[in-house]
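Take a look at the letters that make up each chain.
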Amino acid sequence: MFNFSNLFKNDINIMTIEEILLGEIQEFNASDKRQWMIIGDKYYRVENDIFDRQILRYTENGTVTDKTKANNKLAHGFAKNLVDEKIAYLLTKDYSLQCDNKEYIQKVKDVLGKYFQYTLSNLGVEASNKGIAWLYVYIDEQGQFKTMIIPAEQCVPLWKDSTHTELDGMIRYYNVIVYEGKEKKTVTKVEYYTENEVSFYVLKDNSLIRDIESHEGGPIPHYKKGEEGKSWGRVPFIPFKNNRLEYPDIRFIKSLIDNYDKTRSDIANFIEETKNLIYILKGYGGQDLAEFMRDLNYYRAVKIDDPEYGGVDTLNPSIDIQAAKEHFEQLKRDIKEFGQSVNMDLDKFGNNPSGIALKFLYSGIDLKCNHLEVEFRRAFEELLYFVNIYLSETGQGNYNNEDIKLIFNRDIQINETEAINNCVASQDVISEETIIANHPWVDDVEAELKRLKKERKEKVDRAAKTFGSYNFNKVDGNDEE
């Protein structure tokens, strides 16, 4: 198994650390993986390749851009719609944590903050567009636990293993605008993170030098506890992968979207140009086609040298609209199928599908979200490593042996009547908590259980007052009425 840490041993490799880091940056910057990250982000912003299209005209001297021709550039937001649909389905409803230790659950939520669901949603968008998202963990100046999403195209991971499960190091490089005197310049900053420290560099003249302005170049520890420097014991970057291959969603449908954009633009060009007839000239007495068009537009007439066989005929071009329409519809179906979207073909299931029909409609997006969910749960386990260290360092307890599970609450469209009837039929068969969790009107299970407990206690108290006795069972989380 290849280990990046071996690269930095002088008895194995005589290259300096700076030379190795620069080589890794250059390799990643030119890689196919990073190019797909850029493409995924562009198509999410509907900056499709169709905008780069040019209409060319062939001449004796080669090809030139023909600006006289119609050149419609119709970009369609399929990529954005599919990603937004996926994130709305899996990551917009509040997440839940499952653990026997309720105190630990509350502490984890307090550390992550009330906006962590927003962070999860943004991680989902980043991972879907770029194949992987990186969450950076740090302690701010006030000693608070913080996280930050770092753009994936800025991150060069140095993996310990071929399965990409553990980091040996992380290189982050990014551009900043600085002023040198009155001159505005772009400077590339480089940060190198290991399990114990972080170093800072600046890219200058195709080489890395220590960034004196950032902590004198380092290395410095990950964070401070009082005046004491501390390290996490791991590289403080957590990978949230889109799937096992770390592929962005656009990779599976880009060619289909490009063809849809191109053919729709072609049709728009054709419609725009069909207002002009095609002229067939016989025995024309002018010098060239440009002169013919000038005479036609100005005089509404043209000269004919051969009165017997000469003349001007016209053609009215046409297109097979039905064939074009079928092509577009098939492309849309292919994009939704291979993009694993919700099947919107309601003709097969009616206007109010339920049960098995609903599961079939959501089978594609369920499959896609299952891959994301597995990767995000693993990433959350890594995040808990840092949370547990923070809780221990701040004197809030040691929770390393606690098992906690991240639950994603999917926003699936259901037949509410059928779901409520199933909940009623499940009483005395499964636990009340499970029934409430699956009730379509409940968003927060814990809050709903507390409200039920309070309402039952109030009913018992009212009954006791009515009958003049308080010898009723007091209702709590485990008592029965």
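Residues numbered from 1 in each chain as written. Predicted model: local features only at pLDDT ≥ 70, side-chain atom pairs only at ≥ 80, totals over all residues. Heavy atoms only, no water.

Peer 1: Honestly, the pattern of salt bridges in this entry has me stumped. Any pointers?
Peer 2: Scanning the entire structure with this criterion turns up 28 salt bridges. The salt bridge partner of Asp32 is Arg251, with a shortest N-O separation of 3.5 Å. In this pair, Asp32 sits in helix H2 (residues 32-44) while Arg251 sits in the loop between strand S14 (237-241) and helix H6 (254-273), placing the two residues 219 residues apart along the sequence. Taking the relative accessible area as the measure of exposure, Arg251 reaches 28% and is therefore partly exposed. (Salt bridge = Lys/Arg side-chain N within 4 Å of Asp/Glu carboxyl O. Helix = DSSP H or I, 4+ residues; strand = E, 2+ residues; numbered from the N terminus. Buried < 20%, exposed > 50% of the residue type's maximum accessible area, 1.4 Å probe, protein only.)

Peer 1: Could you clarify how one ought to interpret the nonpolar core in this entry?
Peer 2: Taken as a class, soluble globular proteins show a tendency for nonpolar side chains to be buried jointly. Residues Val108, Leu112, Phe145, Phe240, Phe376, Phe380 and Leu383 are the most contacted members of the largest nonpolar core, which totals 48 residues. With 13 residues, the single largest contributor to this core is helix H10 (residues 363-393). Among residues more than four places away in sequence, those in contact with Leu383 are Leu112, Phe116, Leu135, Val137, Phe145, Thr147 and Ile238. Formed by 27 residues, the second largest nonpolar core is a distinct cluster that contains Ile132, Trp134, Ile171 and Tyr193. (Core = buried A, V, L, I, M, F, W, Y, C linked by side-chain atoms within 4.5 Å. Contact = heavy atoms within 4.5 Å.)

Peer 1: Got a minute to help me understand the side chain of Ser128 in this structure?
Peer 2: Here Ser128 shows up in helix H5 (residues 116-130). Overall, the relative accessible area of 1% leaves Ser128 in the buried class. At 2.7 Å, the side chain of Ser128 forms a polar contact with the backbone oxygen of Gly124. Apart from the residues within four sequence positions on either side, Ser128 is in contact with Val83, Lys86, Ile87, Asn242, Pro248 and Asp249. (Polar contact = N/O pair within 3.5 Å; in protein donor to acceptor, adjacent residues only side chain to side chain.)

Peer 1: Please clarify how the sheet that holds strand S4 (residues 132-139) should be interpreted in this entry.
Peer 2: Backbone hydrogen bonds are what pair the strands of a sheet, in a parallel or an antiparallel way. In spatial order, the strands read S5-S4-S14; together these three strands make up an open sheet with antiparallel pairing. Each edge of the open sheet carries a strand with a single partner, namely strand S5 (145-150) and S14. Sheet twist, expressed as the average angle between the axes of neighbouring strands with direction ignored, equals 30°. Across five bridges, the pairing between S4 and S14 is antiparallel. (Pairing = 2+ DSSP bridges. Axes fitted to C-alpha atoms, helices over the stretch in contact; angles between N-to-C directions.)

Peer 1: When you look at the packing of aromatic side chains in this model, what are you seeing that I'm missing?
Peer 2: The geometry of an aromatic ring pair is captured by the separation of the ring centres together with the interplanar angle, meaning the angle of the planes. For the structure shown, the criterion picks out 18 aromatic pairs. Between Phe240 and Phe376, the aromatic rings sit 5.0 Å apart at their centres with planes inclined by 80°, giving edge-to-face as the arrangement. Of this pair, Phe240 sits in strand S14 while Phe376 is found in helix H10, placing the two residues 136 residues apart along the sequence. Judged on exposure class, the residue Phe240 and its partner Phe376 are both buried. Taken together, Phe145, Tyr223, Trp232, Tyr385, Phe386 and Tyr390 form an aromatic cluster joined through their ring pairs. (Phe/Tyr/Trp six-rings, centres within 6.5 Å; stacked < 30°, edge-to-face > 60°.)

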